[in-house]
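Given next are the chains, with one letter for each unit.
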Amino acid sequence: MEQRPQNYLPGIKCEVKNCKYNDAHCCTAEEIRVAPQHACCAADTACATFKPAE
Ligand code: SF4
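Residues numbered from 1 in each chain as written. Predicted model: local features only at pLDDT ≥ 70, side-chain atom pairs only at ≥ 80, totals over all residues.

*Asks:* Is there a simple way to think about the site of the ligand in this case?
*Replies:* Near the ligand the following residues occur: Ile-12, Cys-14, Val-16, Cys-19, Tyr-21, Asn-22, Cys-27, Ala-29, Ile-32, Cys-47, Thr-49 and Phe-50. Taken together, the residues that form the shell around the ligand break down as ten nonpolar, two polar and no charged. (Near = placed C-beta within 6 Å. Nonpolar A, V, L, I, M, F, W, Y, C, P; charged D, E, K, R; others polar.)

Pasting the structure below:
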């Protein structure tokens, strides 16, 4: 079983492995912003806090 990082946002399981904030499917950002302002289904939404891992 994967270890959770020390600082992560509880309740978020993220599959975006190439985000710099992703650590073992946990999000280590201080907060996330989800966009756009209007959506019709989950697939219309995305994490606007994403930053590509270097
Ligand atoms: S910032 Fe967004 S995309 Fe990146 S790990 Fe957190 S939830 Fe996932």
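*Asks:* Please explain the environment of Asn-18 as it appears in this structure.
*Replies:* Residue position: Asn-18 is located in the segment before β1 (22-23). Residue classification places Asn-18 among the exposed positions, given that 9 C-beta atoms sit within 10 Å. Placed ten residues apart in sequence, Asn-18 and Tyr-8 show a C-alpha to C-alpha distance of 16 Å. Beyond its immediate sequence surroundings of up to four residues, Asn-18 is in contact with Pro-52 and Ala-53. (Helix = DSSP H or I, 4+ residues; strand = E, 2+ residues; numbered from the N terminus. Buried ≥ 20, exposed ≤ 12 C-beta atoms within 10 Å, placed from the backbone. Contact = placed C-beta atoms within 7 Å.)

*Asks:* Looking at this model, I keep getting lost on the UniProt feature "domain: DUF1540" (unreviewed entry) in the chain. Mind explaining?
*Replies:* UniProt's feature table lists "domain: DUF1540" (unreviewed entry) at residues 12-50, given in the numbering used throughout. In residues 12-50, helix accounts for 0% and strand for 21%; the two terminal C-alpha atoms are 14 Å from one another. (UniProt positions renumbered as here; feature names shortened; annotations may be inferred.)

*Asks:* Where do I start with unusual backbone geometry in this structure?
*Replies:* Trans is the common state for peptide bonds, and a negative phi is the common state for residues other than glycine. The omega torsion across Ala-35 and Pro-36 is 5°, close enough to zero to call that bond cis. With respect to the element layout, Pro-36 can be found in the loop between β3 (34-35) and β4 (46-47). One non-glycine residue, Ala-24, adopts positive backbone phi at about 55°. In this structure, Ala-24 sits in the loop between β1 and β2 (26-27). On the neighbour-count criterion, Ala-24 (13 C-beta atoms within 10 Å) is partly exposed. One non-glycine residue with positive phi stands out, namely His-25, at about 70°. Judged by C-beta crowding, with 14 C-beta atoms within 10 Å, His-25 ranks as partly exposed.

*Asks:* Could you clarify how one ought to interpret the environment of Ala-48 in this entry?
*Replies:* Here Ala-48 shows up in the segment after β4. Sequence-wise, Ala-48 and Ala-35 are 13 residues apart; in three dimensions their C-alpha atoms are separated by 6.0 Å. Apart from the residues lying within four places of it in its own chain, the contact partners of Ala-48 are Arg-33, Val-34 and Ala-35.

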